[in-house]
Amino acid sequence: MAITPPPDPAAGSPLAGCRVGIVGAGVMAEAMLAGIIRQGLATPGQVRCSHPRPARGQHLLTTYGVEVVASNAEAARGADLILLAVKPQALPRVMPELLAVLEPDQLVLSVVAGASTRALGRGLAHPAVVRAMPNTPAQIGAGVTVWYATAAVTEAGKARTRGVLSALGREFEVADERQVAMATAVSGTGPTYIFLFIEALIDAAVHLGFPRHVARELVLDTIQGSTAFALQSGRHVAELRDMVTSPGGTSAEALAALERGRLRTVVSDAVWAAYQRTRQLEADLEQPDRDRADAGPGPAARPGGPRG
Ligand SMILES: NC(=O)c1ccc[n+]([C@@H]2O[C@H](COP(=O)([O-])OP(=O)(O)OC[C@H]3O[C@@H](n4cnc5c(N)ncnc54)[C@H](OP(=O)(O)O)[C@@H]3O)[C@@H](O)[C@H]2O)c1
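Residues numbered from 1 in each chain as written. Predicted model: local features only at pLDDT ≥ 70, side-chain atom pairs only at ≥ 80, totals over all residues.

What follows deals with the sheet that holds strand S8 (residues 169-173). Ordered by their spatial adjacency, eight strands build an open sheet running S3-S2-S1-S4-S5-S6-S7-S8, and the pairing between neighbours is mixed. The outermost strands of the open sheet, each flanked by one partner alone, are strand S3 (67-69) and S8. Neighbour-to-neighbour, the strand axes of the sheet open up by a mean angle of 20°, direction not taken into account. Looking at chain direction, strand S1 (residues 20-23) and strand S4 (residues 81-84) are connected through four bridges and run parallel. Residue pairing across strands places Ile-22 opposite Leu-83, the latter belonging to S4. The strands that helix H7 (residues 178-188) touches are strand S6 (129-133) and strand S7 (143-149); relative to S7, the one it contacts most, it runs at about 170°. (Pairing = 2+ DSSP bridges. Helix = DSSP H or I, 4+ residues; strand = E, 2+ residues; numbered from the N terminus. Axes fitted to C-alpha atoms, helices over the stretch in contact; angles between N-to-C directions. Contact = placed C-beta atoms within 7 Å.)

Set out below in structure tokens:
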């Protein structure tokens, strides 16, 4: 079904007059494209996408009315903002195609996991790069994105970045690029942790005897309500938890079982593992640019972790 743009699209938008090129028009790029068009930040006529599969290109054309081209270089040529959303494995193949056509005043906005601005800047021979890490709730405009801009990105470029990323939900600019890698392990990968917890809680409810569809509703409403409560109250989550933990009560009993299962340690280990994997991806993507022997300190030692 085609998305109908609002009546006066792009007027007053940070993307007004901005030509957007999309390279790697998959799930995340489509979420961004849908968001910017639905919210009237850009018109379909401002956007040009490339895709290696004609069927996918046809889908983008039919659904959004954007221009679709076969070559990545063609999508990037003349665009003010280039959204780079290929998988990390495709990056070494795609960067040389873009390098040939990039102009100094263009902005590259990458959502590629593990691609540092160092790897992108070198691979594209282009200094104005934004590295962003969105997450999957972006597909319904409820995502959160952490992003970092190199010194070469102008204020206008940052405003355009905010415009595109706000179409996905909330966005946070950080001054330290390492926080994008950290966010990859926390908010980028976060939905995976939450979905697993939701699944486990639904299964536990079914184990008690609830029909699965009822269990699903109960669990999703509980997660949504608890999140809204935490956001609105502004109180520390431990305080909110204490409010429902009566001495000798059911919550206290359940919490003791969770602590015996080392829930906090397992969560911390999972986030650390995701962070290490991000650092490894970063190192792999930077590898063509440097000898591994002088690759610097590599993934950081875990604070408080075992030494030696
Ligand atoms: N999805 C998320 O929640 C999420 C969150 C944060 C960051 N990211 C990052 O966003 C990027 C895209 O993720 P995704 O989930 O959207 O993956 P995806 O759906 O696979 O999107 C990548 C797209 O690039 C296309 N492609 C493959 N080779 C290409 C080439 N040589 N030139 C141009 N396009 C090419 C793929 O086509 P085919 O379908 O034919 O392979 C696919 O449509 C990844 O780097 C990921 O790390 C994703």
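Now that the structure has been shown, we can carry on.
On to the site of the ligand. Around the ligand lies a shell of 28 residues, among which Gly-24, Gly-26, Val-27, Met-28 and Ala-113 are the nearest. Those elements that provide at least two residues to the shell around the ligand are helix H1 (27-38) and helix H4 (91-99). Sort the elements by how many residues they give to the shell around the ligand and H1 lands first, with three residues. Residues belonging to the shell around the ligand are distributed by class as follows: 16 nonpolar, eight polar and four charged. (Near = placed C-beta within 6 Å. Nonpolar A, V, L, I, M, F, W, Y, C, P; charged D, E, K, R; others polar.)

Once that is clear, we can look at the pairing of S6. Within S6, five of the five residues are buried, leaving the element largely enclosed by the surrounding structure. Residues Val-129, Arg-131 and Met-133 line one face of S6 and the alternating positions Val-130 and Ala-132 line the opposite face, and both faces are buried. Where strand S5 (residues 107-110) meets S6, three bridges bridge the pair, whose relative direction is parallel. Residue pairing across strands places Ser-110 opposite Arg-131, the latter belonging to S6. You can see the chain leave S5, run along helix H5 (residues 117-124) and come back into S6, and the turn it takes is right-handed. (Buried ≥ 20, exposed ≤ 12 C-beta atoms within 10 Å, placed from the backbone. Right-handed = clockwise from strand over helix to strand, strands pointing away.)

Let's shift gears to the packing of H7 against helix H12 (residues 263-286). Running from N to C, H7 and H12 point in directions that differ by 135°, and their axes come no closer than 8 Å. In this view, H7 runs oblique relative to H12, as classed from their interaxial angle. Here H7 runs over H12; the crossing is right-handed. Of H12, the residues touching H7 (which contributes Ala-181, Met-182, Thr-184, Ala-185 and Val-186) are Val-271, Ala-274, Tyr-275, Thr-278, Arg-279 and Glu-282. In the contact of H7 with H12, the residues fall into seven nonpolar, two polar and two charged. (Parallel < 35°, antiparallel > 145°, perpendicular 65-115°, else oblique. Left-handed = near helix turned anticlockwise from the far one by under 90°.)

Looking now at the confidence of the model for the protein chain. Within the protein chain, residue pLDDT values average 91, and 90% of them lie at 70 or more. Counting interchain partners and residues more than four positions distant, the pLDDT-below-50 stretch residues 291-299 has seven contacts. (pLDDT = per-residue confidence, 0-100.)

So, on to unusual backbone geometry. Although it is not a glycine, Ala-125 adopts a positive phi angle of roughly 50°. With respect to the helices, strands and loops of the structure, Ala-125 is situated in the loop between H5 and S6. Residue Ala-125 is classed as partly exposed on the basis of its 13 C-beta neighbours within 10 Å. Look at Arg-262: it is not a glycine, yet its phi comes out positive at around 60°. Here Arg-262 lies in the loop between helix H11 (250-260) and H12. Taking the C-beta count within 10 Å as the criterion, Arg-262 has 11 such neighbours and is therefore assigned exposed.

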